[in-house]
Number of protein chains: 2
Amino acid sequence: MTNEELLSNAALKSWNQVLGRFDKDLTALTDEQLQKRVAPGKNRLFYLYGHLTAVHDRLLPMLGIGERLHPELDEAFITNPDGVLTDSVSTADLRRAWSEINAQLTAAFERFTPQDWLRKHSAVSDQDFAADPTRNRLAVVLSRTNHLSFHTGQIVLAK
Amino acid sequence: MTNEELLSNAALKSWNQVLGRFDKDLTALTDEQLQKRVAPGKNRLFYLYGHLTAVHDRLLPMLGIGERLHPELDEAFITNPDGVLTDSVSTADLRRAWSEINAQLTAAFERFTPQDWLRKHSAVSDQDFAADPTRNRLAVVLSRTNHLSFHTGQIVLAK
């Protein structure tokens, strides 16, 4: 591997580790456990799971990988906080959407060249990107990996 | 910046973001709040704070930055789980140690060239590193950044 490949490979490895840890924790939780709150008065695990799924689905167009697969999740898991709407998605559907979205993201990240990692994402303008090339796809993926770690830390408390 | 610099800079930016978020959360918590548990029957915030401080202190020799500053923290925050020993460190001492350790780490990361990020760390043997050069310093720092995010997710629940 070239130095550039070694550097970008570290991000992929980090993504895979965090996602693998989360998936292991999620598989160990029953649908009933997912209805528990991470702490008294806080979000249900089910809500956090939906939130992560919607946020990762948004990465598909943001990183130029493809169209969104589940834009219908935004209303329940991004626009509204937990407890406002009646659940319209089953846990089985959520588990399926989560796998599908992350399989597509991971496959794309594995194909990304170092150049691809350094490209602009769709949430930054050409002008802003020209002024600050650190606002690239790699920065977004590291940020989402941290976001997933953050909520994994909460989800494990309910075990 | 060269491509290599842009790639390694993303890791530094991610470290700074997560550390900045954690520091903001910690500053907002009183010493009394740090005695709360993140969830019933789980670790106290104080313990997690000590744990993170000891883990980051270990990065100094591991990444070839310098000697450990606070090896005395291991006994209370790594070797033993929460609640086994009587607290021997004050919260003020912990806050001071945390700042000191992370200032030293961040200063070193800012000086690291892309080559430095790809160097071996001290927890991997020459032979293992030759066989797998992805076991480099960058991988360790991304892993510790995720670890910090993981516990930040827990600490904010006690607010």
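Here the structure is a predicted model, which means the values were calculated and not measured.

Taken together, the contact pairs 35 residues of chain A with 35 residues of chain B. Around 3000 Å² of area is buried between chain A and chain B when both sides are counted, 67% of it from carbon and sulfur atoms. Interface area lost by chain A to chain B is led by L7(A), F150(A) and L157(A), which between them contribute 22%. On inspection of chain A and its partner chain B, the count reaches zero salt bridges. Inspection of the chain A/chain B interface yields eight residue pairs in polar contact (both at pLDDT 80 or more). Of all elements in the fold, only α1 (3-27), α5 (114-117) and α7 (137-155) of chain A reach the threshold of two or more residues within the side of chain A that touches chain B.

Take the nonpolar core next. Ranked by size, the top nonpolar core spans 96 residues in total, and within it F109(A) and F109(B) carry the most contacts. With residues up to four places along the chain from it excluded, the contact list for F109(A) reads L12(A), W15(A), L63(A), I65(A), W117(A) and V141(A).

Moving on: the packing of aromatic side chains. Inspection of the entire model under this criterion finds 18 aromatic pairs over all chains. Look at F22(A) and W98(A): their rings are 4.9 Å apart centre to centre, the planes differ by 50°, and that puts the pair in the tilted class. Taken together, the residues span a long stretch of sequence, with F22(A) in helix α1 and W98(A) in helix α4 (residues 91-111) at a distance of 76 residues. Neither F22(A) nor W98(A) differs from the other in exposure class; each is buried. When the centroid spacing of 5.8 Å and the interplanar angle of 55° are considered together, the rings of Y49(B) and W98(B) count as tilted. Remark: W98(B) occurs in helix α4 (residues 91-111) and Y49(B) occurs in helix α2 (residues 45-62); sequence separation between them is 49 residues. As far as the burial class goes, Y49(B) and W98(B) line up, both buried.

With that out of the way, let us pick up the relation of the copies chain A and chain B. Taken as rigid bodies, chain A and chain B are interconverted by a rotation of 180° and an axial shift of 0.0 Å, the fit giving an RMSD of 0.0 Å. This pairing of chains is accounted for by a two-fold axis. Residues of chain A ranked by C-alpha distance from the rotation axis are headed by F150(A), positioned 2.1 Å from it.

Residues and elements named next belong to chain B. It is at 9 Å that the axes of α2 and α4 come closest, and there the two elements cross at 30°. Seen along the crossing, α2 lies across α4 with a hand that is left-handed. Counting all contacts with α2, which are made through F46, Y49, G50, L52, T53, H56, D57, L59 and L60, the residues of α4 involved are T91, L94, R95, A97, W98, I101, N102, Q104 and L105. Residue classes in the contact of α2 with α4 are distributed as 10 nonpolar, six polar and two charged.

Residue and element names in this part refer to chain A. Here α4 contains 21 residues, and its C-alpha end-to-end distance of 30 Å stays within 8% of the 30 Å for a straight helix at 1.5 Å per residue. All buried positions along α4 are accounted for by T91, L94, A97, W98, I101, N102, L105, T106, A108 and F109. Down the axis of α4, the sector holding all buried residues measures 160°, keeping them to one side. In α4, the exposed positions angled more than 90 degrees off the buried face are occupied by R96, E110 and R111.

Residue and element names in this part refer to chain A. For helix α2 (residues 45-62), spanning 18 residues, the distance from its first C-alpha to its last is 26 Å, which sits close to the expected 26 Å at 1.5 Å a residue. Burial runs high along α2: 16 of the 18 residues are buried. Where α2 terminates, the next one or two residues include G64, which has phi positive at roughly 70°.

This part is about the environment of K13(A). Relative to the elements of secondary structure, K13(A) occurs in helix α1. Accessibility expressed as a relative area gives 26% for K13(A), which makes it partly exposed. C-alpha of K13(A) to C-alpha of K120(A): the two residues are 107 residues apart in sequence and 21 Å apart in space. Side-chain polar atoms of K13(A) contact the side chain of T134(B), separated by 2.9 Å.

Packing of α1(A) against helix α1 (residues 3-27) of chain B leaves a shortest axis separation of 9 Å and a crossing angle of 15°. Taken together, the axes of α1(A) and α1(B) are roughly parallel relative to one another. Remark: the crossing between α1(A) and α1(B) carries left-handed chirality. Contacts between α1(A) and α1(B) involve N3(A), E4(A), L7(A) and S8(A) from the first element and N3(B), E4(B), L7(B) and S8(B) from the second. Broken down by class, the residue content of the contact of α1(A) with α1(B) amounts to two nonpolar, four polar and two charged.

Criteria and thresholds
- Throughout this document, residue positions are counted from 1 along each chain, in the order its sequence is written.
- Naming scheme: in the order in which they are written, chains are lettered from A and ligands are numbered from 1.
- With the structure being a predicted model, the display of local features is reserved for residues of pLDDT at least 70 and the display and counting of side-chain atom pairs for 80 or more, all residues being used for whole-chain, interface and lining totals.
- With hydrogens and water set aside, each side-chain value is computed from the structure's full complement of heavy atoms.
- What makes two residues a contact is simply this: any of their non-hydrogen atoms within 4.5 Å.
- As a working definition, buried area equals the accessible area (1.4 Å probe) given up by two parts on being put together, with both sides summed.
- Should a side-chain nitrogen of Lys or Arg be within 4 Å of a carboxyl oxygen of Asp or Glu, the pair is scored as a salt bridge.
- The definition of a polar contact used here is a pair of N or O atoms within 3.5 Å, where within protein one atom must be able to donate a hydrogen and the other to accept one, and adjacent residues in sequence count solely through side-chain atom pairs.
- What counts as a helix is a DSSP run of H or I of at least four residues, what counts as a strand is a run of E of at least two, and both are numbered from the N terminus.
- Joining through side-chain atoms within 4.5 Å is the link that ties buried Ala, Val, Leu, Ile, Met, Phe, Trp, Tyr and Cys residues into a set, and such a set is a nonpolar core.
- For every residue, the accessible area (1.4 Å probe, protein chains only) is compared with the maximum for its type, and the residue is labelled buried under 20%, exposed over 50%, or partly exposed between those bounds.
- Any Phe, Tyr or Trp ring, taking Trp's six-membered ring, that has another such ring centre within 6.5 Å forms a pair; planes under 30 degrees apart are called stacked, those over 60 apart edge-to-face, and the others tilted.
- Copy-to-copy superposition: least squares on the C-alpha atoms, limited to residues that have pLDDT of at least 70 in both copies.
- Axis definition: a line fit to C-alpha positions, over the contact stretch in the case of helices; interaxial angles, taken between N-to-C directions, run 0 to 180 degrees.
- Crossing handedness follows the turn of the near helix against the far one: under a right angle anticlockwise gives a left-handed crossing, and clockwise gives a right-handed one.
- Asp, Glu, Lys and Arg are counted as charged, while Ala, Val, Leu, Ile, Met, Phe, Trp, Tyr, Cys and Pro are counted as nonpolar; the rest, among them Gly, fall into the polar class.
- One less than the number of residues in a helix, times 1.5 Å, gives the span that helix is expected to have.
- In this description, the arc belongs to the directions extending from the helix axis to the C-beta atoms.
- Any angle between 65 and 115 degrees counts as roughly perpendicular, while under 35 counts as roughly parallel, over 145 as roughly antiparallel, and the rest as oblique.

Such coordinate-based values are descriptive only and should not be taken to indicate function.
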